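# Coordinates in review
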Amino acid sequence: MGGVALGLTHSPNRYFRIIREMHAEWKKINRMSLRRAVKSLYQSKLLREMANTDGTITLVLNERGKKTALRYNLETLRLIVPNRWDKKWRIVMFDVPERLKKVRDSFRFHLRQLGFKELQKSVFVHPANCEKEVTYLIEFYNVRRFVRYIVADSIDTELHLKQQFHM
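To start, this report covers the structure provided alongside it. None of these values were measured; they are calculated from a predicted model.

Moving on: the pairing of strand β5 (residues 123–126). Burial along β5 is two-sided: the face carrying Val123 and Val125 and the face carrying Phe124 and His126 are both buried. Here strand β3 (residues 89–94) runs beside β5; their pairing, made up of four bridges, is antiparallel. Bridged to Met93 within β5 is Val123. For strand β4 (residues 117–120) and β5, the ladder comprises three bridges, and the chain directions are antiparallel. Paired with Lys117 across the two strands is Val125, which belongs to β5.

See the structure below:
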């Protein structure tokens, strides 16, 4: 996210402010979590390593990784109500703090764009298997610690939801 911000800014003052903020955020990262995330990326087989002359390693998306990244384009990301429903509801619950109001509102907007229906202000539901898409949104907005993804067998308002999803 910081790289995008740096690329879009033209102000030297803002550039250095972004650098300072990125440095502070990097300090907050739990090293064990970072190791797990990198290991997960290796196991996903979406990346390849490139050795640099200075001894560092750069991770680059391979062809499969590029296709995956394109598939999850925020602007075109959509869910389709399945023809044959597995009778499971996917529920996304979140409690993003007020200090991150813009992030929370954007996350909520994208859930609606995906076709989720709002059960409560921060509780959304969908009948399609959408864990990968929701995970993409969670990672894009960096809200992992505030969001829960639940698969449920029934909801007391199921008849109403089925009508909303034209099922």
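Here we take up the sheet that holds β4. Spatially, four strands are ordered β4-β5-β3-β6 in an open sheet, and the strand pairing comes out antiparallel. Edge positions in the sheet fall to β4 and β6 (147–152), since each of these pairs with one other strand and no more. Ignoring strand direction, the axes of neighbouring strands in this sheet form an average angle of 25°. For β3 and β6, the ladder comprises six bridges, and the chain directions are antiparallel. Pairing of Phe94 across the sheet is with Val147, part of β6. Of the strands in this sheet, β3, β4, β5 and β6 touch helix α5 (residues 101–113), which is tilted by about 165° from β3.

Rules and cut-offs
- Residues numbered from 1 in each chain as written.
- Predicted model: local features only at pLDDT ≥ 70, side-chain atom pairs only at ≥ 80, totals over all residues.
- Heavy atoms only, no water.
- Buried < 20%, exposed > 50% of the residue type's maximum accessible area, 1.4 Å probe, protein only.
- Helix = DSSP H or I, 4+ residues; strand = E, 2+ residues; numbered from the N terminus.
- Pairing = 2+ DSSP bridges.
- Axes fitted to C-alpha atoms, helices over the stretch in contact; angles between N-to-C directions.
- Contact = heavy atoms within 4.5 Å.

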